[in-house]
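A look at the structure
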Amino acid sequence: MNVKNMPIGFFDSGVGGLSVLREAIKLLPNEDFIYFGDSKNAPYGTKSVDEVRELSFKASELLLKYSVKAIVVACNTATSAAIENLRNTYKNMPIIGIEPALKPAVELKREGKIVIMATPMTLSEKKFYNLMERYKENADIVPLPCPGLVEYIEKGIVKGREVNEFLKEKFLPLKNENVSSVVLGCTHYPFIKEELANVLGDKVAIIDGSKGTAAQLKRQLLNRDIINDKKEKGKITILNSLESNEIIEVSKKLLQL
Ligand code: DGL
């Protein structure tokens, strides 16, 4: 089979990576996509690095059975735990990861604190430490671990009282601080953006890295000359380790299919 016609694989601990897939579909409408959400094992963010690495390999192996030409690790947590190991193992294909979009937040050059919302693992791993090191001279960065938030989104609850109260409580310690922007360092969080904006007000910029990751995917496909050049719209397949209709319905709703 011509590599150009092969699908692109995505995986995440659950439905979060659909926020990245959504952007990839806009940029690459003629590609076929296979999305695997590992909701049975979600959340990843409170597991051990070894566990997440093992689950990341399982997810990648599953995608490879569908002959994918590239893998997008649409999960900040899995990226920090496993991206290097995955790249060393699957040397012949692009493996694209995601990390908190700190750079665009710093480039806004706004006065005040930059809050990074992410899972406990993302914020405690070396990758994030290196990212902080790169920018800490020019920015006042506050990591904000949000264990418990992913669980709402996995249930398809993206707005309303529960999410609002969770977010209010999270930001309570920062209520007297000048927060200029908030980086969504977990791919689940773009789905609660509306409720977050209700809590933060309209002066705080909310930044998510999914567009950047989709652009990076496109660049890699172009560099290798493996963009699908068919004219018709691509096919999107959603798989989930829970194997229930309910989670597929939640996924489709989030993706707005
Ligand atoms: N969506 C994930 C991320 O980007 C992980 C959430 C989780 O399973 O804890 O970090």
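All values reported here derive from a predicted model rather than from experimental measurement.

1. With respect to the site of the ligand
As a matter of local geometry, the ligand sits amid 13 residues, with Ser-13, Tyr-44, Gly-45, Thr-77 and His-188 nearest to it. The contact in question runs from a nitrogen atom of the ligand to an N or O atom on the side chain of Asp-12, over 2.9 Å. When the ligand sits alone it has 300 Å² of accessible area, and the protein chains cover 99% of it. Residue classes in the shell around the ligand are distributed as five nonpolar, seven polar and one charged.

2. Observations concerning the UniProt feature "binding site: substrate" (unreviewed entry) in the protein
Taking the numbering used here, the UniProt-annotated feature "binding site: substrate" (unreviewed entry) corresponds to Asp-12, Ser-13, Tyr-44, Gly-45, Asn-76, Thr-77, Thr-187 and His-188. A compact arrangement is adopted by the annotated residues: their sequence extent is 177 residues, whereas the largest C-alpha distance between any two is 11.9 Å. Relative to the helices and strands, Tyr-44 resides in the loop between strand E2 (33–37) and helix H2 (49–65). Residue classification places Tyr-44 among the buried positions, given a relative accessible area of 1%.

3. Let's talk about the nonpolar core
As a rule of thumb, nonpolar side chains are buried together in soluble globular proteins. In terms of nonpolar packing, the biggest core is built from 51 residues, with Phe-10, Met-117, Leu-149, Val-182, Tyr-189, Leu-196 and Leu-217 touching the most fellow members. If one sorts the elements of this core by residue count, helix H11 (residues 245–255) sits on top with five residues. Setting aside residues up to four positions removed in sequence, Phe-10 forms contacts with Gly-17, Val-20, Leu-21, Ala-24, Phe-33, Ile-34, Tyr-35, Phe-36, Leu-63, Val-72, Ala-74 and Leu-217. Formed by 22 residues, the second largest nonpolar core is a distinct cluster that contains Val-52, Leu-55, Val-73 and Ala-78.

4. Notes on the environment of Leu-55
Along the chain, Leu-55 falls in helix H2. Owing to a relative accessible area of 11%, Leu-55 belongs among the buried residues under this scheme. Distance in space between the C-alpha atoms of Leu-55 and Ile-25 is 25 Å, their sequence separation being 30 residues. Ignoring sequence-local partners within four residues, the contact set of Leu-55 consists of Asp-38, Asn-41, Tyr-44 and Lys-47.

5. Some points on the UniProt feature "active site" (unreviewed entry) in the protein
Feature annotation in UniProt assigns "active site" (unreviewed entry) to the following positions: Cys-75 and Cys-186. Sequence-wise these annotated residues cover 112 residues; spatially they are packed, their C-alpha atoms never more than 6.6 Å apart. Mapped onto the fold, Cys-75 is located in the loop between strand E3 (70–73) and helix H3 (76–89). Residue classification places Cys-75 among the buried residues on the basis of a relative accessible area of 3%. Residues within four places of Cys-75 in sequence aside, it is in contact with Phe-11, Asp-12, Ser-13, Tyr-44, Ile-98 and Thr-187. Here Cys-186 lies in the loop between strand E7 (179–184) and helix H9 (193–200). Cys-186 sits in the buried class, given a relative accessible area of 6%. The contacts of Cys-186, once residues within four sequence positions are left out, are Asn-76, Met-117, Ala-118, Thr-119 and Val-150.

6. Quick word on the pattern of salt bridges
Using the criterion set out here, one finds 13 salt bridges in the structure. In this structure, Glu-177 and Lys-113 form a salt bridge, with 3.8 Å as the shortest nitrogen-oxygen distance. Of this pair, Glu-177 sits in the loop between helix H8 (161–171) and E7 while Lys-113 sits in strand E5 (residues 113–118), and the two are 64 residues apart along the sequence. Close ionic contact of Lys-159 with Glu-194 constitutes a salt bridge, the shortest N to O distance being 3.6 Å. Taken as a pair, Lys-159 in the loop between helix H7 (149–154) and H8 and Glu-194 in helix H9 lie far apart in primary sequence, 35 residues in all. Accessibility classification places Lys-159 together with Glu-194 in one group, the exposed group. Because the salt bridges share partners, they merge into one network encompassing Lys-4, Asp-225 and Asp-229.

Definitions and cut-offs
- Residues numbered from 1 in each chain as written.
- Predicted model: local features only at pLDDT ≥ 70, side-chain atom pairs only at ≥ 80, totals over all residues.
- Heavy atoms only, no water.
- Near = heavy atom within 4 Å.
- Polar contact = N/O pair within 3.5 Å; in protein donor to acceptor, adjacent residues only side chain to side chain.
- Areas by Shrake-Rupley, 256 points an atom, 1.4 Å probe, with all protein chains shown as cover.
- Nonpolar A, V, L, I, M, F, W, Y, C, P; charged D, E, K, R; others polar.
- UniProt positions renumbered as here; feature names shortened; annotations may be inferred.
- Helix = DSSP H or I, 4+ residues; strand = E, 2+ residues; numbered from the N terminus.
- Buried < 20%, exposed > 50% of the residue type's maximum accessible area, 1.4 Å probe, protein only.
- Core = buried A, V, L, I, M, F, W, Y, C linked by side-chain atoms within 4.5 Å.
- Contact = heavy atoms within 4.5 Å.
- Salt bridge = Lys/Arg side-chain N within 4 Å of Asp/Glu carboxyl O.

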